[in-house]
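Observations on the model geometry
Residue-level listing of the chains:
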Amino acid sequence: MAREGILFGMGNPLLDITANCDEDFLKKYDLKTDNAILAEEKHKPLYQDMIDTYQHVEYTAGGATQNSMRVAQWLLGVPKIATFMGCIGKDKFGEILKQKATEIGVAVHYQYNDAEPTGTCATLVTGKYRSLCANLAAANCFTKEHLDEKLHWELVEKAQFYYVSGFFLTVCPPAIQEVANHACSHNKMFMMNLSAPFLSQFFKEPLMAAMPYIDIIFGNETEAATFGKEQNLGEDDIKEIALKVIALPKENKARSRIVVFTQGPDPVLVATDGKVTEYPVIPLADKDIVDTNGAGDAFVGGFLSQLVQGKPIEDCVRCGNYAAHLIIQRSGCSFPEKPDFK
């Protein structure tokens, strides 16, 4: 059984504001379906516009890493197995975020920022696809000093597994490197996610600084192709990219790197030790897909829930597929009261 504090996550805690919209609304803000970007000045009116334009707007706790921690925690069912750090504002949205995370059992240790509000993420759903536009606000203000506080660093030391989404590369690379170094020097497992194509394009330096420390890297087929293109690894053959990623320089030689690439309805690819294994996903009819938002986060959460229990990779992938399959039949990264994974 996994123990308290074994899993540590660090990322951008955001309140998701979700609405079903049309293509014209996306075009108004120059947004694309099935994509994720950071808000620019032109996107600032978007959040209020959503609330004013659409009757049914949902608010849920979000942010990629926090979602994965919540899903893992839900599947494990024992409080405080997962610890999460990120920065929020001292406001109502921040209170909602904390409530949503703690009620599922995640131990949150937020850094609070006086000047900025809690970050928000517009989740615009068109049919079964989603477009994410994140206004990081306070989430962008996380500092390594929060990590270095005695109480917080003790939580880092207590953990055996570390997960950071790629989105955090835009916020605090020094904190990522500090946790990565700790994991490497103590032979613990450090994991990251490619998270979105723009990170491989515009945040190459911090991503490649972290890469030698990454034991497991996650991503989807689009993110993999962009990473492959940007690193001159090719962009057409996802299996080939996966094999080249496991061969990139690695600091901890005691453990082989594992690459996990999801491909929507196509099999999950897992590459390690020079070979790629395919794991079929659970079939789902188009009519049953409610919202693909959070599917990748849920997959990681499911995967981590088995990994921290010492289960084999095939069980980790199977639970990842279970969680993703469940979440895409619901709105946002939400789940029923109890899991039924066996």
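It should be noted that the structure appears before, not after, this text.
What this report covers is the structure whose coordinates are included nearby. Throughout this document, residue positions are counted from 1 along each chain, in the order its sequence is written. Per-residue local features are limited, in this predicted model, to residues with pLDDT of at least 70; the limit for side-chain atom pairs, both in listing and counting, is 80 or more; totals at the level of whole chains, interfaces and linings are taken over all residues. Heavy atoms throughout the structure, all of them, feed into the side-chain values; hydrogens and water do not.

Across its full length, the protein chain holds 13 helices and 16 strands. Atoms considered for the radius of gyration are the C-alpha atoms alone. The globule rule reads 2.2 Å times the number of residues to the power 0.38. Computed over the C-alpha atoms, the radius of gyration of the protein chain is 19 Å, within 12% of the 20 Å expected from 2.2 N^0.38 for a compact globule of 342 residues. Oriented by its inertia axes, the alpha-carbon framework of the protein chain measures out at about 55 × 45 × 40 Å. Working definition: with a 1.4 Å probe on protein chains only, accessible area under 20% of the residue-type maximum means buried, over 50% means exposed, and in between means partly exposed. Considering the protein chain as a whole, with its 342 residues, one finds that 57% of them fall into the buried category. Any pair of residues with heavy atoms lying within 4.5 Å of one another is described as a contacting pair. Nonlocal contacts in the protein chain, meaning residues at least 24 apart in sequence, comprise 73% of its contacts between residues at least 6 apart. Per-residue and other accessible areas were derived by the Shrake-Rupley procedure at a 1.4 Å probe size, with only the shown protein chains allowed to occlude residues. Counting every atom, the protein chain has about 14,500 Å² of accessible surface; 50% of that belongs to carbon and sulfur. With 33 positive and 44 negative side-chain charges, the protein chain shows a separation of 5 Å between the mean positions of the two kinds. Secondary structure counts use DSSP, requiring at least four H or I residues in a row for a helix and at least two E residues in a row for a strand, with both numbered from the N terminus. When charges are counted, Lys and Arg contribute as positive and Asp and Glu as negative, whereas His and the chain ends are disregarded. Where a charge sits is defined by one atom per residue type, namely NZ (Lys), CZ (Arg), CG (Asp) or CD (Glu).

Below, the discussion takes up the layout of surface pockets. Cavity: a set of points on a 1 Å grid over the protein atoms alone where a 1.4 Å probe fits but cannot get out. Pocket: an open set with protein on both sides within 12 Å along at least five of seven lines, its lining residues, like those of a cavity, having an atom within 4 Å of a point. Grid points are joined across faces, edges and corners, and a volume is the space filled by probe spheres set on the points. Considering only enclosed or pocket space, the second largest pocket measures out at about 240 Å³ in volume. What lines the second largest pocket is a set of 15 residues, and nearest its centre among them are D30, K32, N35, I37 and E40. Per-element accounting of the lining of the second largest pocket gives the leading share, four residues, to helix α8 (residues 197-202). A class-by-class count of the residues in the lining of the second largest pocket yields seven nonpolar, four polar and four charged. Residues are grouped as follows: nonpolar covers Ala, Val, Leu, Ile, Met, Phe, Trp, Tyr, Cys and Pro; charged covers Asp, Glu, Lys and Arg; every other residue, Gly included, is treated as polar.

Across the five residues of strand β13 (residues 216-220), four count as buried, placing the element largely inside the fold. By definition, two strands form a pair when at least two bridges between them are found by DSSP. With five bridges connecting them, β13 and strand β14 (residues 258-263) associate as parallel partners. Paired with G219 across the bridge in β14 is F261.

By salt bridge we mean one thing: a side-chain nitrogen of Lys or Arg within 4 Å of a carboxyl oxygen of Asp or Glu. Counting across every chain of the model gives 15 salt bridges. When the shortest N-O distance is used, the salt bridge between D114 and K90 registers 2.9 Å. Of the two residues, D114 sits in the loop between β8 (111-113) and β9 (119-126) while K90 sits in the loop between β6 (87-89) and α4 (92-103), which places them 24 residues apart along the sequence. Taking the relative accessible area as the measure of exposure, K90 reaches 60% and is therefore exposed.

This brings us to the sheet that holds β14. Reading across the sheet, the nine strands line up as β7-β5-β1-β11-β12-β13-β14-β15-β16 and stay open at both edges, with mixed pairing between neighbours. Strand pairing shows two members of the sheet lacking a second neighbour, β7 (107-108) and β16 (275-279), which therefore form its edges. Where β14 lies against strand β15 (residues 266-272), four bridges are found, and the strand directions are antiparallel. Each residue of the ladder has a partner; that of F261, found in β15, is L269.

With that settled, the discussion passes to helix α13 (residues 313-327). Its 15 residues give α13 an end-to-end C-alpha distance of 21 Å, which sits within 8% of 21 Å, the value for a rise of 1.5 Å per residue. Within α13, eleven of the 15 residues are buried, which leaves the element mostly enclosed by the surrounding structure. The set of residues buried in α13 consists of C316, V317, C319, G320, N321, Y322, A323, A324, H325, L326 and I327. Buried residues belonging to α13 abut α3 (64-76), β15, β16 and α12 (295-307). By this rule the span expected of a helix is its residue count minus one, scaled by 1.5 Å.

Taking 1.5 Å as the rise per residue, α4 with twelve residues should run 16 Å; its terminal C-alpha atoms sit 16 Å apart, in good agreement. For α4, every residue scored as buried is listed here: G94, L97 and A101. Take α4 and look down its axis: the buried residues cluster within an arc of 60°, on one side only. Opposite its buried face, α4 presents the exposed residues K92, E95 and E103, each directed more than 90 degrees away. The directions considered for the arc run from the helix axis to the C-beta atoms.

By convention, a stacked pair of Phe, Tyr or Trp rings (six-membered ring in the case of Trp) has centres within 6.5 Å and planes under 30 degrees apart, an edge-to-face pair has planes over 60 apart, and any other such pair is tilted. If you walk through the whole model with that rule in mind, you get 14 aromatic pairs. Considering the side-chain rings of F142 and F168, the 5.4 Å spacing of their centres and the 65° angle between planes classify their relative orientation as edge-to-face. Of this pair, F142 sits in the loop between β10 (129-135) and α5 (144-148) while F168 is found in the loop between β11 (161-165) and α7 (173-185), placing the two residues 26 residues apart along the sequence. Both residues of the pair, F142 and F168, belong to the buried class. For the pair F167 and F198, a centre-to-centre distance of 6.4 Å together with 35° between the ring planes defines the contact as tilted. In this pair, F167 is assigned in the loop between β11 and α7 and F198 in helix α8, connecting sequence segments 31 residues apart.

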